[in-house]
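A structural walkthrough
The lines below spell out each chain.
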Amino acid sequence: KNKKPKWESISDKARLNGEIRNFQDLNYSIDDFIEFLKSPTVLLSNNPFLLLSGEAGVGKSHLLADVASKRNVRNQFSILLLGQHFTVEEPWNQIKKLLQISCERDIFLSALSAKAETKGSRILIFIDAINEGEGKSLWKNYLAGFVVAVKKFPYIAVVFSIRSSYENLLIHSSLLRNKELINVVHHGFQDHEYDASKLFFENFNIKQPSIPLLHQEFSNPLFLKLFCEGLHNRRLQEIPDGYEGISTIMNFYLDSVDCKISEKHNLPVRLNIIKEIIMQFALRIAESDFPYLNYKEACAIV
């Protein structure tokens, strides 16, 4: 009857320790919330201009196409434009030609914004791979003005994708520094190499290795695809011993292409036609001031 309640038997120090832990948990939660407020998710809600950067082959184009496709299923509207289709002409004129419309720029944007407002969801304009084609000359002069033009229409958002190696060339640092563009880096399959390789192997009917392949190269979707195609082309259903490293994998892939070419055209495999062509491409590029060959030069080499 006179027994003290259980809580009264706990020492003051123990009760204070519990309260301290509660305050620490609250502090962690506040820190997490502050980080969330600084995250691209929130920044893009208020300033919907995204620069998606990443190395070649990490899947930037596939990501944009996938987002546009899923938005379409949800009855949300998007415009997906490919950087390779752009020339050095003023970009809005090109966009109107690509979309086969003839109105003024602001009338076009106003109509898009009104449509988006009625749906209660922004319209997204995706411009993929602005470093391709003539984009290397075009966007460094027009990108900032492009963003300013769209800012007047709050129901329109823009996503540019770019290969990381071209970012400094095409994107003025002030656009990123002032958060006019919110930069997000696409890392491909990074930290998910095992799941990705498992999915690819199943698709190509390749036996899963007993030891997971966790090479850094396998975070690149394009590289993983080449890896699987190399095995598939050679009619292999499991990975040979010692099959690791980018040079080995690329050589194996090129060998498989050489085999297919030789088989199709009844040529000796030992000619290594594909390897010879690629080596000549590499030598010509190394001797020039450009990271590519024009079509005429490439055809001459072939």
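Placed above this text is the structure.
Here we summarise the structure given alongside this text. Bear in mind that the values here come from a model prediction, so they are computed numbers and not experimental data.

Spacing of three or four residues puts side chains on the same side of an α-helix, whose turn is 3.6 residues. The first and last C-alpha atoms of helix H10 (residues 221-233) sit 18 Å apart over 13 residues, in line with the 18 Å expected at 1.5 Å per residue. Across the 13 residues of H10, ten count as buried, placing the element largely inside the fold. Taken residue by residue, H10 has Pro 221, Phe 223, Leu 224, Leu 226, Phe 227, Cys 228, Glu 229, Gly 230, Leu 231 and Asn 233 as its buried positions. Phi for Arg 235, located one or two positions after H10, is positive at around 60°.

Now for helix H9 (residues 193-203). For H9, the complete set of buried residues consists of Glu 193, Ala 196, Ser 197, Phe 200 and Phe 201. The buried residues of H9 occupy an angular sector of 130° when projected down its axis, which confines them to one face. Away from the buried face of H9 by more than 90 degrees, exposed residues Leu 199 and Asn 203 are located. The secondary structure elements touched by the buried residues of H9 are H10.

With that settled, the discussion passes to the packing of helix H4 (residues 91-98) against helix H6 (residues 135-151). Between H4 and H6, the least distance of the axes is 10 Å, while the angle of their chain directions is 75°. As far as their axial angle goes, H6 and H4 are roughly perpendicular. For the pair H4 and H6, the contacting residues are Pro 91, Trp 92, Gln 94 and Ile 95 in the first and Leu 138, Trp 139, Tyr 142, Phe 146, Ala 149 and Val 150 in the second. A class-by-class count of the residues in the contact of H4 with H6 yields nine nonpolar, one polar and no charged.

The next subject is the pattern of salt bridges. Opposite charge on two side chains allows them to pair when their charged atoms are near. The final tally for this structure, using the stated rule, is nine salt bridges. Residue Arg 105 pairs with Asp 106 through a salt bridge whose shortest N-O separation is 2.9 Å. The exposure class of Asp 106 is partly exposed, given its relative accessible area of 30%. Note that Lys 225 and Glu 229 form a salt bridge whose closest N and O atoms lie 2.8 Å from each other. Of this pair, Lys 225 and Glu 229 are both found in helix H10, four residues apart, which corresponds to roughly one turn of the helix. By relative accessible area, which is 37% here, Lys 225 ends up partly exposed.

Calculation rules
- Residues numbered from 1 in each chain as written.
- Predicted model: local features only at pLDDT ≥ 70, side-chain atom pairs only at ≥ 80, totals over all residues.
- Heavy atoms only, no water.
- Helix = DSSP H or I, 4+ residues; strand = E, 2+ residues; numbered from the N terminus.
- Expected span 1.5 Å × (residues − 1).
- Buried < 20%, exposed > 50% of the residue type's maximum accessible area, 1.4 Å probe, protein only.
- Arc of directions from axis to C-beta.
- Contact = heavy atoms within 4.5 Å.
- Axes fitted to C-alpha atoms, helices over the stretch in contact; angles between N-to-C directions.
- Parallel < 35°, antiparallel > 145°, perpendicular 65-115°, else oblique.
- Nonpolar A, V, L, I, M, F, W, Y, C, P; charged D, E, K, R; others polar.
- Salt bridge = Lys/Arg side-chain N within 4 Å of Asp/Glu carboxyl O.

Purely spatial values, then, with no claim about function.
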